[in-house]
Amino acid sequence: MAESGTPEDDLSVPRAALNKMIKELLPSVRVSNDSRELINNCCTEFIHLISSEANDMCNKSLKKTISPEHVLAALDSLGFGAYLEDCRSVLEECKTVAAKKRRASNRLENLGIPVEELLRQQEELFARAREEQAVIEQEEWSQLQAAQAAQQQQLLQQQQQQQGNGHVQPPAPANHAQDSAT
Amino acid sequence: MEPDVTGSQQNGEGDSEAKAGTEDMMNASMSTKSNRITRLPLTRIKNIMKTDPDVTLASQESVLLIAKATEMFLQHFAKMSYGHTARSKRKTIKRQDIDLSVEALDAYAFLEGMLE
């Protein structure tokens, strides 16, 4: 998506998400438009506040990446300790989901047979299939050759009969039970 | 004429594609209505965090936590404001209700700059 034309500081929480949450919280309450705008900006400001404080905590702990612990500590130090309990349970939920996903992907990869073995078995099957195919083709070729040889023999016999009689005789019908005279 | 780009940059930016792909999936599953860990889109939250030049890297779980905390803040803030609305026997939350909420809590002092 093009980034031109959108100053970064225009970013805020999506208005629709906000409206929906307020609606669910206070169903029969109306909110003036400039109030909505203000609440939206306050949320954005809140995000800046927490991330800045969490960033400070992160720097103090000499780590490079802000971790959940930094966020929790930031909330506490800024007077939002009341949020900690719910945040912690969200964190637990998140870890459980992630662990489940890891287990699921592991199960798929470890059917008990290592990948190299599976590849080897696959190669064997391919080789066997190729051999069987080769045998079939060989047989078909042999049959073709035998048919051609038989045809040629018949033609030869017909020619010899013609020479022996001195005059043209109608060619003998193909007769597989013929004894070869010569 | 530049195309009309609204403030919504929801997809992965300069991160490596593979990482952005799995992240987006996790983000999507974390904030869809059916899973409901949080209602706010994690990518948007992360972008807002990034506008602070001092903030460098944040783990995905951290972004999630901040999203959840923001949700809680919104709910608390809105409820407090409505408290003033109801006391004035009105049905519409107005600026004055919000102003009063900001002044009522020490923790909300950071918002004073936002009111005229």
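- By the naming in an unreviewed UniProt entry, chain B is Transcription factor CBF/NF-Y/archaeal histone domain-containing protein, taken from Patiria miniata.
- According to the UniProt record, the Subcellular location (unreviewed entry) comment for chain B reads "Nucleus".

- As annotated in an unreviewed UniProt entry, chain A carries the name Protein Dr1 and comes from Patiria miniata.
- Listed under Subcellular location (unreviewed entry) in UniProt, the entry text for chain A is "Nucleus".
- Listed under Sequence similarities (unreviewed entry) in UniProt, the entry text for chain A is "Belongs to the NC2 beta/DR1 family."

1. Digging into the overall build of chain A
And step 1. Secondary structure assignment for chain A yields five helices and two strands.
And step 2. Start at the N end of chain A and walk to the C end: the helices and strands fall as α-β-α-β-α-α-α.
And step 3. Here chain A holds 182 residues, and the buried ones make up 25% of them.
And step 4. Sequence separation of 24 or more characterises 30% of the internal contacts of chain A that already satisfy a separation of 6 or more.
And step 5. Total accessible area on chain A stands at roughly 13,000 Å², and carbon and sulfur atoms take up 52% of it.

2. Description of the interface of chain B and chain A
And step 1. With 60 residues of chain B at the contact, the number on the chain A side is 64 residues.
And step 2. For the pair chain B and chain A, the two sides together bury roughly 5,600 Å², of which 74% comes from carbon and sulfur.
And step 3. If you sort the residues of chain B by the area they bury against chain A, B:Ile48, B:Leu65 and B:Leu74 come out on top, with a joint share of 12%.
And step 4. For the pair chain B and chain A, the interface holds one salt bridge.
And step 5. Residue B:Arg39 pairs with A:Glu24 through a salt bridge whose shortest N-O separation is 2.4 Å.
And step 6. For the pair chain B and chain A, the interface holds 12 residue pairs in polar contact (both at pLDDT 80 or more).
And step 7. Looking at the side of chain B that touches chain A, the elements that each hand over two or more residues are helix H1 (17-31), helix H2 (42-50), strand E1 (57-58), helix H3 (60-87), strand E2 (92-93) and helix H4 (95-104) of chain B.

3. Notes on the packing of aromatic side chains
And step 1. In the structure shown here, the tally under the stated rule is 11 aromatic pairs over all chains.
And step 2. Here A:Phe46 and A:Tyr83 contribute two aromatic rings whose centre-to-centre distance is 6.5 Å and whose plane-to-plane angle is 55°, an arrangement assigned as tilted. Of this pair, A:Phe46 sits in helix H2 (residues 33-60) while A:Tyr83 sits in the loop between helix H3 (68-77) and helix H4 (84-109); the two residues are 37 residues apart in sequence, bridging distant segments of the chain.
And step 3. When the ring of A:Phe46 is compared with that of B:Phe110, the centres are 6.3 Å apart and the planes differ by 50°; the resulting orientation is tilted. Taken together, the residues span two chains, with A:Phe46 in helix H2 and B:Phe110 in the segment after H4. With respect to burial, A:Phe46 and B:Phe110 carry one shared label: buried.
And step 4. Ring-pair connections join several aromatic residues into one group, and the members of that group are A:Phe46, A:Phe80, A:Tyr83, B:Phe73, B:Phe77, B:Tyr108 and B:Phe110.

4. Some points on the confidence of the model for chain A
Detailed reading of predicted coordinates is not advised where the pLDDT is low.
Residue and element names in this part refer to chain A.
And step 1. Per-chain confidence: chain A averages 85 in pLDDT, with 83% of residues scoring 70 or above.
And step 2. When pLDDT is averaged over each element of chain A, H3 comes out on top at 95 and H4 at the bottom at 85.
And step 3. Across residues 1-5 the pLDDT falls below 50, and counting only partners more than four positions away or on other chains, this stretch makes seven contacts in the model.

5. Topic: the nonpolar core
And step 1. Within the largest apolar cluster, 56 residues are counted, with the highest numbers of intra-cluster contacts made by A:Phe46, A:Leu75, A:Phe80, A:Tyr83, B:Phe73, B:Phe77 and B:Tyr108.
And step 2. Among the elements of the structure, helix H1 (15-25), H2, H3 and H4 of chain A together with H2, H3 and H4 of chain B are those that each provide at least two residues to this core.
And step 3. Among the elements that take part in this core, H3(B) stands out by supplying 11 residues, more than any other.
And step 4. Ignoring anything within four residues of it in the chain, the contact list for B:Phe73 reads A:Cys42, A:Cys43, A:Phe46, A:Phe80, A:Tyr83, B:Tyr108, B:Phe110 and B:Leu111.

6. Some remarks on unusual backbone geometry
Where the residue is not glycine, phi is negative for most of them; where a peptide bond is considered, it is trans in most cases.
And step 1. If you check the backbone angles, A:Leu62 has positive phi at about 60° while not being a glycine.
And step 2. Relative to the elements of secondary structure, A:Leu62 occurs in the loop between H2 and strand E2 (65-66).
And step 3. For B:Lys89, which is not glycine, the phi torsion reads 60° and is therefore positive.
And step 4. You can see B:Lys89 is positioned in the loop between H3 and E2.

7. Topic: the state of the cysteines
And step 1. One pass over the full model with this rule turns up zero disulfides over all chains.
And step 2. No disulfide involves A:Cys42; its sulfur sits 7.1 Å from that of A:Cys43, the nearest cysteine.

8. Description of the pattern of salt bridges
And step 1. According to the stated counting rule, one finds eight salt bridges over all chains in the structure shown.
And step 2. One salt bridge connects B:Asp97 with B:Arg90, and the closest N-O pair in it is separated by 2.8 Å. One exposure class covers both B:Asp97 and B:Arg90, and it is buried.
And step 3. Several salt bridges converge on common partners, so that one network encompasses A:Glu117, A:Arg120 and A:Glu124.

About the criteria used
Every residue gets a number counted from 1 within its own chain, in the order that chain's sequence is written. All chains are assigned letters beginning with A, and all ligands numbers beginning with 1, in the order in which they are written. Given that this is a predicted model, residues contribute local features only at a pLDDT of at least 70 and side-chain atom pairs are listed and counted only at 80 or more, while totals for whole chains, interfaces and linings are drawn from all residues. Excluded from the side-chain calculation are hydrogens and water; included are all heavy atoms of the structure. UniProt positions are given in the numbering used here, feature names are shortened, and annotations may be inferred rather than shown by experiment. Under the DSSP-based scheme used, a helix requires at least four consecutive residues in state H or I and a strand at least two consecutive residues in state E, with every element numbered from the N terminus. Type-normalised accessible area, obtained with a 1.4 Å probe on protein chains alone, sets the label of each residue: buried when under 20%, exposed when over 50%, and partly exposed for intermediate values. Should any heavy atoms of two residues lie within 4.5 Å, those residues are counted as being in contact. Every accessible area reported is derived by Shrake-Rupley at a probe size of 1.4 Å, with residue values counting cover from the shown protein chains alone. Summed over both partners, buried area is the accessible surface (1.4 Å probe) that two parts give up on being assembled. When a carboxyl oxygen of Asp or Glu is within 4 Å of a side-chain nitrogen of Lys or Arg, the pair counts as a salt bridge. Here a polar contact is recorded for every N or O atom pair within 3.5 Å, except that within protein the pair must consist of a potential hydrogen donor and a potential acceptor, and residues adjacent in sequence are included only if both atoms are side-chain atoms. Planes of paired rings set the category: under 30 degrees apart is stacked, over 60 is edge-to-face and the rest tilted, where pairs are Phe, Tyr or Trp rings (Trp by its six-membered ring) whose centres lie within 6.5 Å. Per-residue confidence from the prediction method is given by pLDDT, with values spanning 0 to 100. The nonpolar core is taken to be a set of buried Ala, Val, Leu, Ile, Met, Phe, Trp, Tyr and Cys residues, with the residues joined through side-chain atoms within 4.5 Å. Cysteine sulfur pairs qualify as disulfides if the two atoms are within 2.5 Å.

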